[in-house]
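# Observations on the three-dimensional arrangement
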Amino acid sequence: MRKENDPEEKDNENDDDLNEGKQPAPEIPPEGIPEDLEELAEDEGADGVDAGEAVAPTPNGFTPMKLAGDIYDWVEVFVATITAVFIIFTFIARIAYVDGPSMNNTLHDKETLIVSNLFYTPKNNDIVVFQSPDSGIKGGIVKRVIATAGQTVDIDFATWTVTVDGVALDESYVNYEDGTVMRSFDVTFPLTVPEGYVFVMGDNRNHSNDSRGSQIGCVDTRFIFGHVLFRVTPLSRFGTVG
């Protein structure tokens, strides 16, 4: 005789049908969910970023903040460099240029010089750059100091002999012209150099306008930019100047 289906058995059959094709639920280990998985889940909820997605790193670790820092560093270096150059060429050294042949053969036209007046007091034989406001000559003038304040200068134009306080100078730097006399101007000799002044001449004596004439005369030391430290150009003649 056929028995009617038991209701409980029917329910179990239905449940089996529903569960067909589904993967069994993962078992939670007795020790619980690992901490790193919990942190991953928290991060996903907090940042709105799927924890399974990797965030690609920027090339070479570049970030806007790093760029801003690099720019600031470069600006800082640039400003420091400009400031250093300004200080050097204002208080320590200056650039001067030779204009004309009056210092041949020691210096030549268009050569570039470095000049300094730092703790400088003019001395005999120094090559100096100065300004002569009353002469009408614009810019710096380059000459050699022959005598300083209180010294007496005398010149024998026929023999090219210059004496300071009665002692003839050994002037190997002078560009002598054989068979000619040294050029003279309107200043009479002997001449005693006034206080606060120096007497200067160019090494190319017959092609130099200097303290032998009243146009320039003795040079006020307040108008001396400094003495020549060395020659910069041309590179073939780079070095100190004597």
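For every chain, the first residue of the written sequence is number 1, and numbering continues from 1 onward in sequence order. Local features in this predicted model are restricted to residues of pLDDT 70 or higher, and side-chain atom pairs are both shown and tallied only at a pLDDT of 80 or more, whereas totals for entire chains, interfaces and linings draw on every residue. No hydrogens and no water enter the side-chain calculation; it runs on all heavy atoms of the structure.

With that out of the way, let us pick up the side chain of Ser-132. The residue Ser-132 is located in the loop between β3 (127-130) and β4 (141-148) in this model. Accessibility here uses a 1.4 Å probe with only protein chains present; expressed as a share of the type maximum, an area under 20% marks a residue as buried, one over 50% as exposed, and anything in between as partly exposed. Assessed through its relative accessible area of 9%, Ser-132 is described here as buried. Whether two residues touch is decided by their heavy atoms; if any such pair falls within 4.5 Å, the residues are in contact. Once you skip the residues sitting within four places of it in the chain, Ser-132 turns out to touch Ile-137, Ile-141, Gln-215 and Ile-216. Secondary structure is summarised from DSSP: a helix means a run of H or I of at least four residues, a strand means a run of E of at least two, and numbering begins at the N terminus for each.

Moving on, we come to the sheet that holds strand β5 (residues 152-156). When DSSP locates at least two bridges between a pair of strands, those strands are taken to pair. Taking strand neighbours across the sheet as the criterion, the 4 strands line up as β7-β6-β5-β8 in an open arrangement whose pairing is antiparallel. Looking at strand neighbours, the two that pair on one side only are β7 (167-168) and β8 (191-192), the edges of this open sheet. Both strand β6 (residues 161-164) and β7 contribute to a ladder of 2 bridges, which runs antiparallel. The residue of β7 that forms the bridge with Thr-163 is Ala-168.

What follows covers the pattern of salt bridges. One speaks of a salt bridge when a side-chain nitrogen belonging to Lys or Arg is within 4 Å of a carboxyl oxygen belonging to Asp or Glu. Enumeration over the complete set of coordinates arrives at 7 salt bridges. With a shortest N-O distance of 2.7 Å, Arg-237 and Glu-111 are connected by a salt bridge. Taken together, the residues span a long stretch of sequence, with Arg-237 in the loop between β11 (224-233) and β12 (239-240) and Glu-111 in the loop between β1 (94-97) and β2 (112-116) at a distance of 126 residues. On the basis of relative accessibility, which here comes to 29%, the residue Arg-237 falls in the partly exposed class. The closest approach of N and O atoms between Glu-171 and Arg-205, which form a salt bridge, is 2.8 Å. Here Glu-171 is found in the loop between β7 and β8, whereas its partner Arg-205 is found in the loop between β9 (197-201) and β10 (219-220), with 34 residues between them in sequence. On the basis of relative accessible area, Glu-171 is assigned to the buried category, the value being 3%. Arg-205 sits in the buried class, given a relative accessible area of 0%. In this structure, a network of salt bridges that share partners links the residues Glu-111, Arg-231 and Arg-237.

Within the secondary structure, Ser-135 is located in the loop between β3 and β4. Assessed through its relative accessible area of 9%, Ser-135 is described here as buried. In terms of polar contacts, Ser-135 uses its side chain to reach the backbone amide nitrogen of Ile-137, at 3.1 Å. Among residues more than four places away in sequence, those in contact with Ser-135 are Gln-215 and Ile-216. A 3.5 Å cut-off defines polar contacts: any pair of N or O atoms within that distance qualifies, except that in protein one atom must be a possible hydrogen donor and the other a possible acceptor, and neighbouring residues in sequence count only when both atoms are side-chain atoms.

As a further point, take unusual backbone geometry. Excluding glycine, residues mostly have negative phi values, and the peptide bonds linking residues are mostly trans. A cis amide bond links Asn-104 to the next residue, Asn-105, at an omega of 5 degrees. Structurally, Asn-105 is set in the loop between β1 and β2. Residue Phe-119 is not a glycine yet carries a positive backbone phi of 55 degrees. Phi at Asp-165 takes a positive value of approximately 55 degrees, unusual for a residue other than glycine.

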